[in-house]
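Geometric and topological summary
Okay, here's what each chain looks like letter by letter:
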Amino acid sequence: MRHKEKNKKLKEKLKQELIIIYHAPPPKNKHSFLRRIKPQPMNLAYILYTQVSYISKLEWVVSVCLFVATVFMSCFFEPAVFSVALAWMPFLAVVGVSESMRSATYGMEELEMAARFSLKSIVLARMGIVGIENMVFVLLCAAFVQGKLLLTMLYLLVPYLATVYASLLIIRKSPGREGKYLCVAFSMVVSITACFGLADYAWIYQERYNGVWVLSVMALVGFNYKESRRVAKMAECY
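Not measured: the values here are computed from a predicted model.

1. Things to note about the overall build of the protein chain
Within the protein chain, the regular secondary structure consists of 11 helices and zero strands. In sequence order, the protein chain lays out its α and β elements as α-α-α-α-α-α-α-α-α-α-α. Counting over 238 residues, the protein chain shows a buried share of 38%. A separation of at least 24 residues holds for 78% of the contacts in the protein chain among residues at least 6 apart in sequence. As presented, the protein chain carries roughly 15400 Å² of accessible surface, and 68% of it is formed by carbon and sulfur atoms.

2. Overview of the pattern of salt bridges
A full pass over the atoms with the stated rule returns two salt bridges. The closest approach of N and O atoms between Glu-227 and Arg-172, which form a salt bridge, is 2.5 Å. Here the residue Glu-227 occupies a position in helix H11 (residues 210-236), and Arg-172 occupies one in helix H9 (residues 149-173), the gap between them amounting to 55 residues. Measuring nitrogen to oxygen at the nearest pair gives 3.6 Å for the salt bridge that ties Glu-227 to Arg-230. Taken together, the positions of Glu-227 and Arg-230, both in helix H11 and three residues apart, correspond to about one turn of that helix. Among the residues examined, Glu-227 registers a relative accessible area of 2% and is labelled buried. The class of Arg-230 is partly exposed, set by a relative accessible area of 38%. The network of salt bridges with common partners includes Arg-172, Glu-227 and Arg-230.

3. Some words on the layout of surface pockets
For the largest pocket, the calculated volume is near 490 Å³. The dominant element in the lining of the largest pocket, judged by the number of residues it contributes, is helix H8 (residues 119-144), at seven residues. Its residues assigned to classes, the lining of the largest pocket shows 12 nonpolar, seven polar and one charged.

4. Thoughts on the packing of aromatic side chains
Evaluation of the coordinates by the stated rule reveals three aromatic pairs. For the pair Tyr-155 and Trp-213, a centre-to-centre distance of 4.9 Å together with 70° between the ring planes defines the contact as edge-to-face. Residue Tyr-155 is located in helix H9, and its partner Trp-213 is located in helix H11; the two are separated by 58 residues in the primary sequence. Comparing Tyr-155 with Trp-213, the two get one shared label, buried. Both rings, one in Tyr-165 and one in Phe-223, keep their centres 5.7 Å apart while their planes meet at 40°; by these two values the pair is tilted. One end of the pair, Tyr-165, is in helix H9; the other, Phe-223, is in helix H11, and 58 residues separate them in sequence. Owing to a relative accessible area of 45%, Phe-223 belongs among the partly exposed residues under this scheme. Feature note: the residues Phe-82, Tyr-155 and Trp-213 constitute an aromatic cluster, connected by ring pairs.

Conventions adopted
- Residues numbered from 1 in each chain as written.
- Predicted model: local features only at pLDDT ≥ 70, side-chain atom pairs only at ≥ 80, totals over all residues.
- Heavy atoms only, no water.
- Helix = DSSP H or I, 4+ residues; strand = E, 2+ residues; numbered from the N terminus.
- Buried < 20%, exposed > 50% of the residue type's maximum accessible area, 1.4 Å probe, protein only.
- Contact = heavy atoms within 4.5 Å.
- Areas by Shrake-Rupley, 256 points an atom, 1.4 Å probe, with all protein chains shown as cover.
- Salt bridge = Lys/Arg side-chain N within 4 Å of Asp/Glu carboxyl O.
- 1 Å grid on protein atoms, 1.4 Å probe; cavity = no way out; pocket = protein on both sides within 12 Å on 5 of 7 lines; lining within 4 Å.
- Points joined across faces, edges and corners; volume = space filled by probe spheres on them.
- Nonpolar A, V, L, I, M, F, W, Y, C, P; charged D, E, K, R; others polar.
- Phe/Tyr/Trp six-rings, centres within 6.5 Å; stacked < 30°, edge-to-face > 60°.

Below, the structure is given as structure tokens:
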């Protein structure tokens, strides 16, 4: 008992000495300093601007490489450029989704929740940035593929949007690295299906089925919007 009491007294004495040694002096001119700080705007444009720099180089490199490859194919292997572009769309989609959901994949939710913006805002901002970038890429690819520009965009958007929707669903159900691997596996299935579909079911690209393609893209856009909101809400609940 005496030994325990002695240890307790030593700990208390040590605490008091630490408080004295590391005692912080009172802040000087604190209120005048805070008044001089101008608050930054918190609108959507500012959030997007701050998040652009956090998009990893992998996303930009993949997009540029796929675009350069599409241009190369259009110059030297024009008959195969459409099938190659179709096959690449799912991989572009899964890289974009992985980049948007990097917080969940690498367990950074708590760190980013301490940031100035809510995690929901960060996730939606990254989705928007990556989505705009990928849409520009799809448009550029469609311009180098033989055929009507708008119709070609519809054809390319179907495998892209289908992969985005499935990847968001997978990430929401299985966040982490396991979900990322499942997304990659699904993108491979969609890519192979698109290639074989072009070879065996070329009739689906006939003009009389244009309405089906338009409805498919509209439906997938709606599904993706709904799933994006769910994923962002899930991030907010971490």
